[in-house]
Structures are given as C-alpha cells and as structure tokens.
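An overview of the molecular structure
So you can see what is in the structure, the chains are spelled out below.
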Amino acid sequence: MDGIEIVDYDPRWPALFDDEAKRLRATLDPSLIVGLEHFGSTSIPGLSAKPIIDIPIAVRSFRHFQNQLFAEGAPMISADGDDRLTA
Amino acid sequence: MSGRNGLISTAELASILDRPTLRLFDCTTYLEPAPEGSSVPYLAVPGRHSFEAGHIPGADFLDLQGEFSDQSTELRFMMPGVEQLAAAFGRHGISDGSEVVLYSISTPMWATRFWWMLTSLGFENLTVLDGGLDKWKLEGRALETGPAKGYKSATFTVKPKPGFFVDKNATLEATTADNTVVVNALGPQFHKGLEPSRYGRPGRVPGSCNVSAATLLDPKTKAFISLADAEEKFAAQGITRDKRVVAYCGGGISATIDLFLLHRLGYQNLTLYDGSMGEWAKDASLPIETD
C-alpha cells in the first residue's frame, strides 16, 4: 500500500492558496462563482498535513460552469452534487 | 433582418415574436464527464431540460450533437454532410422565407455555432440573440415551459459556401501560409500550454495567436462586447481585414464567437478548424507549441 505523505505545516500554504484563488477568479465567470475557499488540513495554521491545497468552488449552476470550462479548454471537473436543482 | 448584421436585441425579438415567419431556437448543449475508461473527453447532453424549464415563447429546441453533427466520429460537434443538415433544418421548419433567431443559455457559443453552420449553407436571414436567455430573463420577459412544440416541417434549400470549415491538414498549411493568421479562442493559460489540457497534449497550433472567446463577452450580461472593442482585440493580435483567418478552440464551438464578431466587423476570409484541439492535441504527428 502506498504511504500517505504528511509534512509539517508550511507557512507558504496560505500564499499558494491566494495565488491559485486569484488565478481561478481571473479565469472563471464571476456570476457563476458563489464561493471559493481554502479548505482542509493545509488551511489550518500549524497543522501537519498532506501537501495538497484543497480548493472547493461553489458554483451557481454546475452545468453552466462545465460549459465555461469547455470554452476555456480547461479539464472537466466532477461534481459531487446535483446541479439540476439549481437550474 | 439584413439591417441587424447578425445580431438581434431582446427588445427587437420581443416585438417580432408573433411573426409567422419567425423560427426561434434554443441551441443549448451541456457537457458531462465521460464514464471512466471512455475514449471521449466528455459527453454532450442536449439542453432539453433547461428548455423545458423555461424558453422564449414559441421557441423550438435544436440538439447540436444528436441531430446536427457527424455521428461517425468520436469527435463531438463535427459538421455533418449537408444532406443531413438540410433534412434536420427542414424538420425544424426552416425554409427560404424564414427569419431565424438563435439563442443559448449562459453563453452564446451554442447559438453562434448554429449561426456559423447555417451561414455556411448559404442561409442569410439569421440573427443571434444578444445576451441570450439570460438577458431575456433578467429583463423579466415572458417565458413558456414544457416540451418543444416545434414548427411545421419545411424544405430547407442548401446553397453551400466553400471554405467555412477546414481540417487539420489545411490548418497545418495555414500556420506557414502568407497573409494568414490562425487564432485560438481558448483561455490564455491553455493557449500558453501551461496547464493540463482536457484534450491531450497541452499547447496550441504553432504560431497561432489568442483572442479568447470569453474576452468578447460581457461577463455580467453575456452580451457581446461592442464591435469597436472587438476590433481592437483582434487588431492587437495582428488580425486585420486583409488576412485570411483560421479560428479554432477545443471543439469548434467557442471559436464561432470569434468568427461571429469578425463576420460582423466585415472580415471576409474566415474559416473554422472544426476538429480543433479535440483532434490536434491527440495527433502526435502534428506540431504543438507551448510558452
């Protein structure tokens, strides 16, 4: 079984999130974005964590978001929820 | 509708809704991730759901992949034979005397794709609704719900115009041709090839410039930017009226936004690389360029 890498808290993580968030907001249609957050263990100061910055993005309509990703050429993103409720 | 130069406002459309010659269509398609192990990058899902939830009164629905695309290829949204198109547009009631208005939801790219296809078949009495259903709803205009009733079938006469669609070989030739500019409508980071692509190899057609389709729309209203602003963006990339323009994107859809504005600006020599990065990125025999 592959081991899970846990590393000491890295004070650069918030800045890495900020950079990525800025890039995402510049790319994505602001009218579709409801929330974009630094999530999970790397977001908690001082906590050791898997060195992966998790950024969940809440969108108003997932299918319109997918169309936007398509227009940009970005890879598809799988949704956990059912966006048909947000038509 | 010659005076409208391809574009109709919500107010103008509202004033002609009862015209018997009007053929109004919701062109929206959605994409869903393909099942694991599938060779296609995504599934095309017709926007019937959202059509039935609310459409402009009297409108019919067009299923781009299901009825108006080549079914013999894994590439999505490829231009089919003209006979297939003539039959399909006829089934939806378009004839010589029709005034066609196209719209889509959240983005005009599905409407401009149909605009490009119809234009390539010589059909001219054709406009795209500025701002699409989003602006129509924002203005509180009337909506109808339920399945499409459709229009009475008609005979669609095809007068194909050459050169509207090119393949990968013609696109490769265009990269070194005189007086030709190849323009990518994808987002800048995917044009630069700095991010993983949904299609395979990241990057762009060598030597192509970038006028992202998203930059040609107002992000809030989804309406097209002004022709003066669009011209500035194209000119900044060396796309001038004397040039032959080959536009591409990921699947031959968003590039039709660029083509729509170039056409409205009076550019004459326009063509679409229909296979776009969906084909190019996968074909290791074709050169690809990154920053």
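Residues numbered from 1 in each chain as written. Chains lettered and ligands numbered in written order. Predicted model: local features only at pLDDT ≥ 70, side-chain atom pairs only at ≥ 80, totals over all residues.

Right, let's talk about the overall build of chain A for a bit. A count of helices and strands for chain A gives two helices and two strands. Along chain A, helices (α) and strands (β) appear in the sequence α-β-β-α when read from the amino end. Buried positions account for 22% of the 87 residues belonging to chain A. Contacts spanning at least 24 positions in sequence make up 58% of the contacts within chain A whose residues lie at least 6 apart. (Helix = DSSP H or I, 4+ residues; strand = E, 2+ residues; numbered from the N terminus. Buried ≥ 20, exposed ≤ 12 C-beta atoms within 10 Å, placed from the backbone. Contact = placed C-beta atoms within 7 Å.)

Let us look at helix H5 (residues 109-120) of chain B. Residue and element names in this part refer to chain B. If you check H5, its first and last C-alpha atoms are 16 Å apart, about what 12 residues at 1.5 Å a residue would give, namely 16 Å. Counting buried positions over the 12 residues of H5 gives 12, a clear majority of the element. Among all positions of H5, only Met109, Trp110, Ala111, Thr112, Arg113, Phe114, Trp115, Trp116, Met117, Leu118, Thr119 and Ser120 are buried. Glycine 122, located one to two residues past H5, shows a positive phi value of around 85 degrees. (Expected span 1.5 Å × (residues − 1).)

Now for the pairing of strand E11 (residues 244-248) of chain B. Judged by how many residues are buried, E11(B) sits mostly within the fold: four of five residues are covered. Each parallel crossover has a hand, and for E11(B) linked through helix H10 (residues 255-264) of chain B to strand E12 (residues 270-273) of chain B it is right-handed. (Right-handed = clockwise from strand over helix to strand, strands pointing away.)

A separate point is unusual backbone geometry. Among all residues save glycine, negative phi is the norm, and among peptide bonds the norm is trans. We note that B:Phe77 has phi near 65 degrees; this positive angle belongs to a residue other than glycine. Along the polypeptide, B:Phe77 turns up in the loop between helix H3 (64-68) and helix H4 (82-91).

Looking at chain B, pLDDT values average 95 and 99% of them are 70 or higher. Interface scoring of the predicted complex returns ipTM 0.87; its pTM is 0.90. (pLDDT = per-residue confidence, 0-100.)

What follows is about the interface of chain B and chain A. With 25 residues of chain B in contact, the opposing surface of chain A contributes 19 residues. The set of elements that each furnish at least two residues to the side of chain B that touches chain A consists of strand E3 (29-33), helix H2 (48-53) and helix H8 (188-191) of chain B. For the side of chain B that touches chain A, the class distribution of residues is 14 nonpolar, nine polar and two charged. (Nonpolar A, V, L, I, M, F, W, Y, C, P; charged D, E, K, R; others polar.)

What follows concerns the environment of B:Pro160. Residue and element names in this part refer to chain B. Mapped onto the elements of the fold, proline 160 is located in the loop between helix H6 (132-138) and strand E8 (165-166). Residue proline 160 is classed as exposed on the basis of its C-beta count, with 11 C-beta atoms lying within 10 Å. Measuring from C-alpha to C-alpha, the distance between proline 160 and leucine 118 comes to 9.1 Å, with 42 residues separating the pair along the chain. If we skip the residues at most four places from it in the chain, proline 160 touches Val82, Ser120, Leu121 and Gly122.

Our next topic: the domain arrangement of chain B. Residue and element names in this part refer to chain B. Domain assignment breaks chain B into domain 1 (2-138) and domain 2 (165-280). Relative placement of domain 1 and domain 2: their C-alpha centres are 21 Å apart. When residues in the side of domain 1 that touches domain 2 are grouped by element, the largest group, seven residues, is from H5. Taken together, the residues of the side of domain 1 that touches domain 2 sort by class into 12 nonpolar, eight polar and five charged. (Domains from an automatic or database assignment.)

The subject of this paragraph is the sheet that holds E8(B). The strands that make up a sheet are held in pairs by hydrogen bonds between backbone atoms, and each pair lies either parallel or antiparallel. Residues and elements named next belong to chain B. One open sheet accounts for five strands, arranged E8-E12-E11-E9-E10; its pairing is parallel. Strand pairing shows two members of the sheet lacking a second neighbour, E8 and strand E10 (209-210), which therefore form its edges. Strand direction decides the pairing type here: E8 and E12, joined by two bridges, are parallel. Paired with phenylalanine 165 across the two strands is leucine 272, which belongs to E12. (Pairing = 2+ DSSP bridges.)

All names here are of chain B. In the contact formed by H5 and H10, the axes pass within 8 Å of each other and the chain directions differ by 60 degrees. As judged from the angle between their axes, H5 and H10 are oblique. Helix-helix and strand crossings are classified by hand; for H5 and H10 the assignment is left-handed. Across the interface between the two elements, Met109, Thr112, Arg113, Trp115 and Trp116 of H5 pack against Thr256, Ile257, Leu259 and Phe260 of H10. When the residues that make up the contact of H5 with H10 are grouped by side-chain class, the tally is six nonpolar, two polar and one charged. (Axes fitted to C-alpha atoms, helices over the stretch in contact; angles between N-to-C directions. Parallel < 35°, antiparallel > 145°, perpendicular 65-115°, else oblique. Left-handed = near helix turned anticlockwise from the far one by under 90°.)

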